[in-house]
Amino acid sequence: MPVPSTQACAASRAAVCARASRPAAARQLAAAPHKQARRGLQWCRAAAEAETAPEAQAAAPQDGKAGQASGLNSKPTLMTDSWNDVVQMRKDQTTIETTVERANKSGLLMPIGNLMGFLPYKLLDPSRMAQRRSDGSQPPVPPNGYQALVGTKLRVKVTQVIVPDNRLIVSEKAVLLDELASMARPGDIVEGVVGSTMDWGVFVECRTVNGKPCPRAEAVLPMRELSYSWLNSATEVVQSGQPVRVVVLFQQPAPDAKVVVSLKRLEEDPLKETLDNVLPLNNQGSTFEQLSVPASVPQGVDEILEALDREEGITSITLGRCVEERRTVSQDLELWITKETVADGYNLAVRAGKVVQEVIVGTDMGLDDMRSTVQRVLRSIN
């Protein structure tokens, strides 16, 4: 065996010393690409195993999160055909017939396609649950939920799909709302009870339409339609569980069904009472026709007068009678045109808070042109 030369031994010792003298950070940096490569290879192997593992099939647990995986409880990372199906059902607003399989404290579980959907009790037809108490409050859900509903056939719609969370929520109330929207028409009288109260108004749980039983769907009662008076909260007028009688203002059919109702429209508008009694124009009863939605920010009568003066075709503006109501009926600025015949012009009425001002406009415009002028004036000050 040949003996290494003195020069070879010296070179070898120098190389070892050089490696030992490098900082630890430099040694870690040099090894980093190899570690990252090994880590990436491990991740790819795990992903491939997860895709082919039978445990990755979706199934809903008792807590109501539809489609959660059994075994490892891993969340799906890819859209399956089953999830694509329910997403399409959500987009198409499809009505699904299904059967309740389980019930728990929070709601009901039922098959939706190849997945398990969850129906919270707040989205269930109220007639299927315990009736409200005498004070209007809803009784608590039984400890084990409404087990008597297991085996019941329901018609529901998919309302929420969150694939990463394995969440599939359905609603029976959505189907009821479709039925109510196809049944009710603007001007119909609806009787029901107040449901949830919100910052913007309340929900009304409908019972009858024009005296005939109707689906127990929820109609929307906005804050502005609760009262002619200024309100800070809906609870100043109504409380949850209180019986109410309202009129349908707006109805939109499926797929995006909606029913909007009003409580105040069944009362006489204090503005019309003031104009008919304090500013009588003729003896034919109600003489005013509202032509547009009130402006959202009241600025005062002078704003409307200035806007009218800028309109072409208006030759003169004369102020008539002015009254102040006992209470603030509206915070909006409202402009009305009367049906009374005025020589060479029109008679308008402006309301700003408590003040109601009569305005006589001189013009040779026709009624349609005057309507357009009034609309432009309101838009210009909004």
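Residues numbered from 1 in each chain as written. Predicted model: local features only at pLDDT ≥ 70, side-chain atom pairs only at ≥ 80, totals over all residues. Heavy atoms only, no water.

S.K.: Which residues make up the pattern of salt bridges, and what are the values?
M.R.: Here the idea is simple: oppositely charged side chains can pair when their charged atoms come close. Evaluation of the coordinates by the stated rule reveals nine salt bridges. A salt bridge links Asp178 to Lys157; its shortest N-O distance comes to 2.4 Å. With Asp178 in helix H4 (residues 173-183) and Lys157 in strand E5 (residues 153-162), this residue pair connects regions lying 21 residues apart in the sequence. One exposure class covers both Asp178 and Lys157, and it is buried. Arg265 is paired through a salt bridge with Glu225; the nearest N and O atoms lie 3.1 Å apart. Here Arg265 is found in the loop between strand E12 (258-262) and helix H5 (270-277), whereas its partner Glu225 is found in the loop between strand E10 (218-222) and strand E11 (243-252), with 40 residues between them in sequence. Each of the salt bridges in this network shares a partner with another, and the network as a whole consists of Glu205, Arg207 and Arg216. (Salt bridge = Lys/Arg side-chain N within 4 Å of Asp/Glu carboxyl O. Helix = DSSP H or I, 4+ residues; strand = E, 2+ residues; numbered from the N terminus. Buried < 20%, exposed > 50% of the residue type's maximum accessible area, 1.4 Å probe, protein only.)

S.K.: A description of the nonpolar core should follow, citing residues and the corresponding values.
M.R.: Counting residues in each nonpolar core, the largest one holds 27 residues, and the members touching the most others are Leu221, Leu226, Val259 and Val261. Secondary structure elements with two or more residues in this core: H4, strand E7 (189-197), strand E8 (201-209), E10, E11 and E12. With residues up to four places along the chain from it excluded, the contact list for Val259 reads Leu177, Leu180, Ala181, Ala219, Val220, Val248 and Phe250. Counting residues in each nonpolar core, the second largest holds 22 residues, with Val100, Tyr146, Val156 and Val158 among its members. (Core = buried A, V, L, I, M, F, W, Y, C linked by side-chain atoms within 4.5 Å. Contact = heavy atoms within 4.5 Å.)

S.K.: Provide a residue-level description of the packing of helix H6 (residues 301-310) against helix H7 (residues 367-381), including the pertinent values.
M.R.: Remark: H6 packs on H7, axes separated minimally by 9 Å, with the N-to-C direction vectors making an angle of 125 degrees. Accordingly, the angle class assigned to the pair H6 and H7 is oblique. Crossing handedness for the pair H6 and H7: right-handed. For the pair formed by H6 and H7, the contact residues are Glu303, Ile304, Ala307, Leu308 and Arg310 on the first element and Val377, Ser380 and Ile381 on the second. Here the contact of H6 with H7 is built from residues that sort into five nonpolar, one polar and two charged. (Axes fitted to C-alpha atoms, helices over the stretch in contact; angles between N-to-C directions. Parallel < 35°, antiparallel > 145°, perpendicular 65-115°, else oblique. Left-handed = near helix turned anticlockwise from the far one by under 90°. Nonpolar A, V, L, I, M, F, W, Y, C, P; charged D, E, K, R; others polar.)

S.K.: Could you give an account of the environment of Lys258, with specific residues and numbers?
M.R.: Structurally, Lys258 can be placed in strand E12. Considered as a pair, Lys258 and Leu180 are 78 residues apart in the sequence and their alpha carbons are 8.7 Å apart. In this structure Lys258 touches Ala181, Phe250, Gln251 and Gln252, once residues within four positions along its chain are discounted.

S.K.: Which residues make up H6, and what values go with them?
M.R.: Restricting attention to buried positions, one finds in H6 the residues Val301, Ile304, Ala307 and Leu308. One side of H6 holds all its buried residues, which, seen down the axis, span an arc of 125 degrees. Exposed residues on H6 whose side chains face more than 90 degrees from its buried face are Asp309 and Arg310. (Arc of directions from axis to C-beta.)

S.K.: An account of H7 is requested, with residue identities and associated values reported.
M.R.: Given a rise of 1.5 Å per residue, 15 residues ought to cover 21 Å, and the 22 Å separating the end C-alpha atoms of H7 matches this to within 8%. Residues of H7 that are buried: Met370, Thr373, Val374, Val377, Leu378 and Ile381. Seen end-on, H7 carries its buried residues on one side only, within an arc spanning 130 degrees. Turned more than 90 degrees away from the buried face of H7 sit Asp368 and Arg379, all of them exposed. (Expected span 1.5 Å × (residues − 1).)

S.K.: An account of unusual backbone geometry is requested, with residue identities and associated values reported.
M.R.: The amide bond that connects Ala254 to the next residue, Pro255, takes the cis arrangement and shows omega of 15 degrees. Although it is not a glycine, Asn210 sits at a positive phi angle of roughly 55 degrees. Relative to the assigned elements, Asn210 resides in the loop between E8 and strand E9 (212-213).

S.K.: Run through the pairing of strand E1 (residues 95-99), naming residues and quoting values.
M.R.: What you see with E1 is a clean split: Ile96 and Thr98 sit on the buried side and Thr95, Glu97 and Thr99 on the side with no burial. Pairing analysis gives five bridges linking E1 to E5, with the strands arranged antiparallel. Residue pairing across strands places Thr98 opposite Leu154, the latter belonging to E5. (Pairing = 2+ DSSP bridges.)

S.K.: I'd like a description of the packing of aromatic side chains, backed by residues and values.
M.R.: One pass over the full model with this rule turns up two aromatic pairs. Look at Tyr121 and Tyr146: their rings are 5.1 Å apart centre to centre, the planes differ by 80 degrees, and that puts the pair in the edge-to-face class. With Tyr121 in the loop between strand E4 (115-120) and E5 and Tyr146 in the loop between E4 and E5, this pair connects stretches of sequence that are 25 residues apart. Here Tyr121 and Tyr146 have matching classes, each one buried. On the basis of an interplanar angle of 90 degrees and a centroid distance of 5.2 Å, the ring pair of Trp200 and Phe203 is categorised as edge-to-face. Judged by relative accessible area, Trp200 falls into the partly exposed class, the value being 37%. (Phe/Tyr/Trp six-rings, centres within 6.5 Å; stacked < 30°, edge-to-face > 60°.)

S.K.: Please give an account of the pairing of strand E17 (residues 355-363) that cites residues and values.
M.R.: Across the nine residues of E17, seven count as buried, placing the element largely inside the fold. Here eight bridges tie strand E16 (residues 345-352) to E17, and the two strands are oriented antiparallel to one another. If you follow Arg351 over to E17, its bridge partner there is Val356.

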